[in-house]
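Below, each chain spelled out in residue letters.
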Amino acid sequence: MAGLVTIFGGSGFLGRHIARRLAKEGWRVRVAVREPEEAGFVRQYGVVGQVVPVLCNIRDEGSVAAALRGADAAVYSVGVLGDQGRNTLDAVNRDGAARVARMAAEMGIARLVHVSGLGASTEAEAAYLRSKAEGEEAVRAAFPGAMILKPAPMFGVDDTFFNRLAQLARLFPLLPVPRPETRLQPVYVDDVAAAAVLGVTGAAAPGTYCLGGPEVMTQREVMEEVVATIRRKRVIVGMPLFLARLMAWLGDIGSYVTLGIVKAPISKDELRALASDSVVPEGADGFAELGIAPTAMEIVLPGYLWRFRPSGQYLAIKDSAKGLRKS
């Protein structure tokens, strides 16, 4: 029988997919976010009153307790790539995860799903990956029966990965790629959401699941896929590491000076994260153990990257008209 689930970060890229799926299965969904007035769109995922955004500050114990009260299950899908004021990597990726896991255990909540990331390691060069690994360790210690999901970079309609690459490919004829040989295994966001739902409902065993899509690609091959999808001719070159570091350094300064208004193409920590592959380790539990067939990129990407094509949605019409006889 469906119950009540609290999804921390339930209006985010992954969280909203989890919320939608659980609502369809009849669950009441409490979406815990910093700004509930901006998360009103989640209400449409269910009938009136079924999906409700609530205010929650994960740095505050009272706020977390209120969000968890009465819940049968919880999902922690909050994460930041870099420090954002008080919401630092440690405060969100490590301490927030630890707080939710500990309080969920203390309040007798039956199931917890925690979202981490492939490549997370306490020995990682990137602070982001270290904070994610420390969050995992804290969750396991406080809630041994948790399901921990470690997805590769996710793609989907409103992702910040493929959309950013497509925007760069739309604007520039020359595309320098930092760390072009780093391997990735991009995964469809809704497949990750399906895995989380199995954890919430108890249909999957607790444990750690590494989630990657069906294709393993280098950074260069990912960019080639994007360029092919948006039907543009571009020159793709590997960027020397010293130049990538300079670009990241300048980008971080620009972002700091403009208070985050100007986003860096890549930050210094993101560049460090690219030093290691984001691929499912051999022998790790993943989609196969969950009974999920991961979705290929070629099925999904054209459905939302079309707007970066030379003629947008009209390109297919123009292509079909090329064969018409001129009168």
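Residues numbered from 1 in each chain as written. Predicted model: local features only at pLDDT ≥ 70, side-chain atom pairs only at ≥ 80, totals over all residues. Heavy atoms only, no water.

**Q** Would you mind showing me how to read the packing of helix 1 (residues 15–24) against helix 6 (residues 189–201) here?
**A** Axis angle and axis distance: for two packed helices, these are the angle between their axes and the distance between the axes, and together they describe the pair. At a minimum axis separation of 8 Å, helix 1 and helix 6 run at an interaxial angle of 55°. Judged by the angle between their axes, helix 1 and helix 6 are oblique. When the axes of helix 1 and helix 6 are compared, the crossing they make is right-handed. The segment helix 1 lies against helix 6, with His 17, Ile 18, Arg 21 and Leu 22 engaging Val 189, Asp 190, Ala 193, Ala 194, Ala 196, Val 197, Val 200 and Thr 201. Looking at side-chain class alone, the contact of helix 1 with helix 6 contains 8 nonpolar, 2 polar and 2 charged residues. (Axes fitted to C-alpha atoms, helices over the stretch in contact; angles between N-to-C directions. Helix = DSSP H or I, 4+ residues; strand = E, 2+ residues; numbered from the N terminus. Parallel < 35°, antiparallel > 145°, perpendicular 65-115°, else oblique. Left-handed = near helix turned anticlockwise from the far one by under 90°. Contact = heavy atoms within 4.5 Å. Nonpolar A, V, L, I, M, F, W, Y, C, P; charged D, E, K, R; others polar.)

**Q** How should the pattern of salt bridges be read in this particular structure?
**A** Pairing is possible between side chains that carry opposite charge, provided their charged atoms lie close to one another. Per the stated rule, a full pass over the model turns up 13 salt bridges. For Glu 136, the salt bridge is made with Arg 140, and the minimal N-O distance between the two is 2.9 Å. In this pair, Glu 136 and Arg 140 both sit in helix 4 (residues 127–142), 4 residues apart, roughly one turn of the helix. Residue classification places Glu 136 among the buried positions, given a relative accessible area of 5%. (Salt bridge = Lys/Arg side-chain N within 4 Å of Asp/Glu carboxyl O. Buried < 20%, exposed > 50% of the residue type's maximum accessible area, 1.4 Å probe, protein only.)

**Q** Before we go on, may I ask you to explain the sheet that holds strand 2 (residues 28–33) in this structure?
**A** Read across the open sheet, the 7 strands follow the order 3-2-1-4-5-6-11; overall the sheet is parallel. Two strands lie at the open edges of the sheet, namely strand 3 (51–55) and strand 11 (207–211), each paired on one side alone. Neighbour-to-neighbour, the strand axes of this sheet turn through a mean angle of 20°, independent of strand direction. Examined bridge by bridge, strand 6 (residues 147–151) and strand 11 share 5 bridges and lie parallel to one another. Bridge pairing in strand 11 places Lys 150 opposite Cys 210. Across the sheet, helix 3 (residues 89–106) is in contact with strand 1 (4–8), strand 4 (73–76) and strand 5 (111–115); its angle to strand 4 comes to roughly 175°. In the packing of helix 4 onto the sheet, the strands contacted are strand 5, strand 6 and strand 11, and the crossing angle to strand 5 comes to about 170°. (Pairing = 2+ DSSP bridges.)

**Q** Can you help me understand the nonpolar core in this one?
**A** Where a protein is soluble and globular, its nonpolar side chains tend to be buried together. Counting 40 residues, the largest nonpolar core has Val 5, Leu 22, Val 29 and Leu 149 as its most contacted members. The greatest single-element share of this core, amounting to 8 residues, is contributed by helix 6. With sequence-adjacent residues up to four places away left out, Val 29 is seen in contact with Leu 4, Val 5, Ile 7, Ala 19, Leu 22, Ala 23, Gln 50, Val 51 and Val 52. If you look at the next biggest cluster of nonpolar residues, it comprises 32 residues, including Ala 67, Met 103, Tyr 128 and Phe 143. (Core = buried A, V, L, I, M, F, W, Y, C linked by side-chain atoms within 4.5 Å.)

Coordinates in, geometry out; function isn't part of it.
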